[in-house]
Every structure is written in structure tokens, then in C-alpha cells.
Amino acid sequence: MSAPMEDVMDLAEKLRAGDRRALARAITLVESGRTDHRARADALLEAVADPERQALRIGLSGTPGVGKSTFIEAFGCMLTDQGLRVAVLAVDPSSTRSGGSILGDKTRMERLSREPLAFIRPSPSQTQLGGVARRTRDAIALCEAAGFDVVLIETVGVGQSETIVAEMSDLFVLLLAPAGGDELQGVKRGIMEIADLVLVNKADGDLKAAATRTVADYAGALRLMRKREGDPEGYPMAMPVSALDMHGVDTAWEAMQVLAEFRKETGFWQARRTEQARGWFEDEVRLGLLRRLQHDPKADAAIETLRSDVAKGTRAPSAAAAQVLDILLPK
Ligand code: GDP
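Nothing here was measured: the structure is a model prediction, and the numbers come from that model. Residue numbers run consecutively from 1 along every chain, following the written order of its sequence. In keeping with the model being predicted, local features are shown solely for residues with a pLDDT of at least 70 and side-chain atom pairs are shown and tallied solely at 80 or more, while totals for entire chains, interfaces and linings include all residues. In computing side-chain values, all of the structure's heavy atoms are included and hydrogens and water are not.

## Quick notes on the site of the ligand
Step number 1: Inspection of the region around the ligand gives 15 residues, with Gly 65, Ser 69, Thr 70, Arg 108 and Asp 204 positioned closest.
Step number 2: As used in this structure description, the phrase polar contact means that two N or O atoms lie within 3.5 Å; if the pair is within protein, one of them must be able to donate a hydrogen and the other to accept it, and residues adjacent in sequence are counted only when both atoms belong to side chains. With respect to the ligand, the backbone of Gly 65 contributes an N or O atom lying 2.7 Å from an oxygen atom.
Step number 3: Take Leu 244: an N or O atom from its main chain is 3.0 Å from an oxygen atom of the ligand.
Step number 4: Protein chains shield 71% of the accessible area of the ligand, which is 570 Å² for the free molecule. The nearness test applies per residue and asks whether one of its heavy atoms lies within 4 Å of the molecule or strand. The method behind every accessible area is Shrake-Rupley, applied with a 1.4 Å probe, and residues are considered shielded solely by the protein chains displayed.

Here it is in C-alpha cells:
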């Protein structure tokens, strides 16, 4: 039975029992663009909502080849070995996917994908980043409802996908490769500002010395940045890891837990989640409004005429827009 046809309450029950197949079907449902599916998706999200079930949401970013999948495999398996349930989601900023996904690909995390305590979901092939963001938020909520302890949200270090992922995470981890020189690898300041933890991967073999230097460079750069309100001393933090040798992965996990615990104690954690939930609600209202307006046949004809008037310069854009709004939303 496909998800859309399945009874939502039945799906909700299985999902809350931690059934991974139910979780996969539920995510398929929230990814669907069909209006009737959306109504079911909303019913499902409401049915499973449980503020008591909170996972640690970790955003993870890095350029292709830096070792994201190797790290997630090592990190994820370490967590499942400890009995924790780990979900991996991906936010793919590329407009179209060709030749398979680059993120959240199970073949890149073979061991983790076989772990009964793990769940890996590749990025959906949606073209709009906004759409992907929405689906990912819902998917996170579903993973939490299914009782996952850690939700990793993977993204590539390009464009605005990092900001989107950081906004839906509790912690943000930036994965970097050892740099050749002492320059900061052209990492954008904005990304440094949202990173809680900078992990310099491949700190092994020939690259170990370069990794140590790179960590020192980043530690220096991070110290120059303002300590974030609600964070303990020493954060944001830079440290070396080797995903391949599984070296430093446990230390990185400890650093994440210390930060998470600290933020919980100071109330910063909950405040951030409240703010995120509010922001998502407002986004949904805005997006929903736009969607409804876009499909109003009454307005389409008028918009067409006004668009050409504006292009010709016979109507002022603001006046033309006001006229459209009056048709769509009569006062
Ligand atoms: P992704 O594109 O960011 O997911 O990167 P991958 O995880 O696919 O890794 C890219 C390449 O870097 C692969 O050849 C990995 O074997 C290698 N790699 C990943 N982590 C490490 C590491 O800790 N040390 C070394 N030496 N190589 C690594």
C-alpha cells in the first residue's frame, strides 16, 4: 500500500512505534506536492506531534570530497554502537540531480545503512530550495516522533543551503579539509559565524601536520569572533578528526553534547526552538498564501494585462500590484 492511500492514523501509530518503513512512507507523504497528500501529511504531523520527543538536530556541512559521508558513517556507527537511534537527512542545494544524489546516499554509508538503529534518507529531487527546506523540517519532526535520538542534516557547502540547515538545527558542524597554506580556505565568514564546531577532517597520515595547522588557524579566527550568547567558554570550537581512522570522532561528539547540555541549562536551546517554530509557522503562512494566490484564475488574466502594462511603462508597478491585490483579496 502506498503512503497516500494508507490510513493516516495507522501510519502515525507505526511511526510512533519507531517503524522505519513507516517513517520512510511518512516522509514520502510530506514530500508530495499534491494537495490531497498535503492534507494527509498535515494530519499525520498533527497526530504524531509530541513535544516530549526531541532529538539532537545536528546540521553538517562541507564541500564535496571533504569527507562528509565518511564522517557520517563513522559518527553514526559510533552513536548506534552506543544504542542511540540516528537519522540522516540531506538538503541538496543543486537545482537538479543528475547521476544520483551526492547527499544522504546509502551507498556512501554502507555500514550505517545496515544498522537497525539508523535511518538514511537522501535529498528529494525538488528544484526549489524553499520546498526542500519545508520537506526537511517536516522530515525532522517525523524522525523525532519516531523516537530518533540524533538527526543529522547534511548539506553541501555552497549557496544558502547552510543557512537553511543551520536554521533548522540545534548545532551546526562545519567539516573542512586540511589547508595547504595558512589562508582560511576561502571559507565565507557567514559560514564561520553559524558554525558551532569546525572539524578539520583527514587529520591522519601525510595530512596530519597540515590538519593541526589548519585547526590552529581556525581556532584563532573563531576566537576573534564574538562568543555567542548562551554558549560556554571555548565555543565555537575547532578540532581535528579523522573520519577514516575514526580518530577524534568521539571527542567531537563530546563537544557537541557539552554545548547541547549547556544550552539546555541556560534555556537557550528551548528559546531557539521556540523561535524556529515561530519562524516556520510564519513561512508556512506566507508560502501558503502565495500558493493560493498563484492559482487564482480570476487574477491570472488581470495579472497578464497588468504585467504587460507595467512592461510598457503605462502603469506604475506599485499601482498595478495594488490592483491585483484588490482582486485577490477584496477589502
Ligand atoms: P564527501 O563528498 O564530503 O561525502 O566526501 P567522502 O566521504 O566521499 O570522502 C571523499 C574522499 O576523502 C574519499 O576518498 C574518502 O576516503 C576520503 N576521506 C574521507 N575522510 C577521510 C579521512 O579522515 N582521512 C583521509 N585520509 N581520507 C578521508
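## Focus: the confidence of the model for the protein chain
Step number 1: By definition, pLDDT measures how confident the predictor is in each residue, and it falls between 0 and 100. On average, the protein chain scores 86 in pLDDT, and the residues at 70 or more come to 89%.
Step number 2: Long-range and interchain partners of residues 1-5, a stretch whose pLDDT sits below 50, account for eight contacts in this model, where long-range means more than four residues apart.
Step number 3: The criterion used for residue contact is that any of the two residues' heavy atoms lie within 4.5 Å. Scored below 50 in pLDDT, residues 95-101 makes seven contacts in the model with residues more than four places away or belonging to other chains.

## Some points on the packing of helix α10 (residues 249-266) against helix α11 (residues 268-294)
Step number 1: Only the stretch in contact is used when fitting a helix axis, every axis being a line fitted to C-alpha atoms; angles between N-to-C directions are given from 0 to 180 degrees. Runs of E in the DSSP output that reach at least two residues are strands. Runs of H or I that reach at least four are helices, and both are numbered from the N terminus. Two numbers describe how α10 lies on α11: the axes approach to 5 Å, and their chain directions differ by 85°. With respect to their mutual orientation, α10 and α11 come out roughly perpendicular. Across the interface between the two elements, Ala 260, Arg 263, Lys 264 and Thr 266 of α10 pack against Phe 268, Trp 269 and Arg 272 of α11. Put simply, angles under 35 degrees are roughly parallel, angles over 145 are roughly antiparallel, angles from 65 to 115 are roughly perpendicular, and the rest are oblique.

## Examining empty space enclosed by the protein
Step number 1: Using a grid of 1 Å spacing that covers the protein atoms alone, one calls a set of points a cavity when a 1.4 Å probe fits there but cannot get out, and a pocket when the set is open and has protein on both sides within 12 Å along at least five of seven lines; lining residues are those with an atom within 4 Å of a point. Grid points are joined across faces, edges and corners, and a volume is the space filled by probe spheres set on the points. As enumerated under the stated definition, the model contains one cavity of 30 Å³ or more in all.
Step number 2: Here the largest cavity is characterised by a volume of approximately 30 Å³.
Step number 3: Looking at the largest cavity, the residues that line it are Leu 171, Val 173, Asp 196, Leu 197, Tyr 235, Ala 255, Met 256 and Leu 259.
Step number 4: For the lining of the largest cavity, the secondary-structure elements that each account for two or more residues are β5 (171-176) and α10.
Step number 5: Considering each element in turn, the lining of the largest cavity owes the most residues, three residues, to α10.
Step number 6: For the lining of the largest cavity, the residue count by class is seven nonpolar, no polar and one charged. Residue polarity is assigned by list, with Asp, Glu, Lys and Arg as charged and Ala, Val, Leu, Ile, Met, Phe, Trp, Tyr, Cys and Pro as nonpolar; anything else, Gly included, falls into the polar class.

## Details of the layout of surface pockets
Step number 1: Estimated volume of the largest pocket: approximately 850 Å³.
Step number 2: The wall of the largest pocket is formed by 26 residues, among which Leu 45, Ala 49, Ala 141, Ala 277 and Trp 280 lie closest to the centre.
Step number 3: The residue inventory of the lining of the largest pocket, partitioned by class, reads 10 nonpolar, four polar and 12 charged.

## What to know about the pairing of β5
Within a regular strand, side chains alternate between the sheet's two faces.
Step number 1: Within β5, six of the six residues are buried, which leaves it mostly tucked inside the rest of the structure.
Step number 2: Relative accessibility under 20% of the residue-type maximum defines a buried residue, over 50% an exposed one, and the middle range a partly exposed one, all with a 1.4 Å probe and only protein chains included. Side-chain alternation along β5 places Leu 171, Val 173 and Leu 175 on one buried face and Phe 172, Leu 174 and Leu 176 on a second face that is also buried.
Step number 3: Two strands pair when backbone bridges link them, and strand β1 (residues 56-62) and β5 are joined in this way by four bridges, in the parallel orientation. Paired with Ile 58 across the two strands is Leu 171, which belongs to β5. For two strands to count as paired, DSSP must find a minimum of two bridges between them.

## Focus on the environment of Ile 153
Step number 1: If you trace the backbone, Ile 153 turns up in strand β4 (residues 150-156).
Step number 2: It is 4.7 Å that separates the C-alpha atoms of Ile 153 and Gly 59, two residues lying 94 residues apart in sequence.
Step number 3: In this structure, Ile 153 is in contact with Arg 57, Ile 58, Gly 59, Leu 60, Leu 89, Val 91, Thr 136, Ile 140, Val 165, Met 168 and Ser 169, ignoring residues within four places of it in sequence.

## A few points about the sheet that holds β1
Sheets are built from strands paired through backbone hydrogen bonds, the pairs being either parallel or antiparallel.
Step number 1: What the seven strands build is an open sheet, ordered β3-β2-β4-β1-β5-β6-β7; its pairing is parallel. Whereas interior strands pair on both sides, the edge strands pair on one side only; in this sheet they are β3 (118-120) and β7 (237-240). Neighbouring strand axes in the sheet, compared pairwise and without regard to direction, differ in orientation by 20° on average.
Step number 2: The sheet contact formed by β1 and β4 spans seven bridges and is parallel. Bridging across to β4, Leu 56 finds its partner in Val 150.

## Notes on unusual backbone geometry
Step number 1: Note the cis peptide between Tyr 235 and Pro 236, where omega equals -5°.
Step number 2: Locating Pro 236 in the fold gives a position in the loop between α9 (208-224) and β7.
Step number 3: At Lys 202, a position not held by glycine, the phi torsion is positive, near 70°.
Step number 4: Positionally, Lys 202 belongs in the loop between β6 (197-200) and α9.
Step number 5: Unlike most non-glycine residues, Met 246 shows phi in positive territory, near 60°.
Step number 6: Counting through the fold element by element, Met 246 comes out in the loop between β7 and α10.

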